[in-house]
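Single-letter residue listing:
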Amino acid sequence: MKKHTWLIGLIVMVGLSAACFLFWNQANIERTKMVSLCQGSVCQSLENFKEYSVQGDDCLYIYGVAEFRSFMNAYLSLNDDSGNPEYLYCNIIYGEMVLNPEKVQANMQGVIEALAILAEDYTDPNGYIRLNVLGNLLRYDV
């Protein structure tokens, strides 16, 4: 029986190692999908806002706002902290998009410029700085 005790322990260790690897691999796959969602949503939001600025169709504005919210949710999922400054900047802009669409529509070029930076790389701090400046402009009518 003692001969087989180490074999059982080895089998258990191999099984646990395989399970850990599978969970780790699945977490990496989920993160990759969330990064794609985050980047794709900000790109789609940018495209909708660009089309809105040309055509003036309110549906395009609404779709742009919805994609921006999708971007925010994916970003929050990736960073797991709703208190980080980047998310707060996005939340301010989103609030203005929903509550004061006229102000945002009047400053659409600023939104497009900020989102163009984030469309290249959603982690670029310059895009979030632009969103913060724009958020202050919209909130305080500076």
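Residues numbered from 1 in each chain as written. Predicted model: local features only at pLDDT ≥ 70, side-chain atom pairs only at ≥ 80, totals over all residues. Heavy atoms only, no water.

Looking at this model, I keep getting lost on the pattern of salt bridges. Mind explaining?
Two side chains with opposite charge may pair up if their charged atoms get near one another. Applying the stated criterion across every chain, the model contains 2 salt bridges. With a shortest N-O distance of 3.3 Å, Glu-113 and Arg-130 are connected by a salt bridge. Linking Glu-113 in helix α5 (residues 108–120) with Arg-130 in helix α6 (residues 125–140), this pair joins segments that are 17 residues apart in sequence. The partly exposed category is assigned to Glu-113, whose relative accessible area is 37%. (Salt bridge = Lys/Arg side-chain N within 4 Å of Asp/Glu carboxyl O. Helix = DSSP H or I, 4+ residues; strand = E, 2+ residues; numbered from the N terminus. Buried < 20%, exposed > 50% of the residue type's maximum accessible area, 1.4 Å probe, protein only.)

I'm lost on the packing of helix α3 (residues 85–99) against α6 in this one. Help?
Helix-helix packing is characterised by the crossing angle of the two axes and by the distance between the axes. Interaxial distance between α3 and α6 falls to 9 Å at its minimum, and their mutual angle equals 40°. Judged on the interaxial angle alone, α6 and α3 are oblique. Here the hand of the crossing between α3 and α6 comes out left-handed. In contact with Glu-86, Tyr-89, Cys-90, Ile-92, Ile-93 and Glu-96 of α3, α6 contributes Tyr-128, Leu-131, Asn-132, Leu-134, Gly-135, Leu-138 and Arg-139. (Axes fitted to C-alpha atoms, helices over the stretch in contact; angles between N-to-C directions. Parallel < 35°, antiparallel > 145°, perpendicular 65-115°, else oblique. Left-handed = near helix turned anticlockwise from the far one by under 90°. Contact = heavy atoms within 4.5 Å.)

Looking at this structure, I do not really get the environment of Met-97. What am I missing?
Mapped onto the secondary structure, Met-97 falls in helix α3. By relative accessible area, Met-97 is classed as buried at 2%. In sequence terms Met-97 and Phe-68 are 29 residues apart; their C-alpha atoms lie 9.6 Å from each other. Residues within four places of Met-97 in sequence aside, it is in contact with Phe-49, Tyr-61, Val-65, Phe-68, Val-104 and Val-111.

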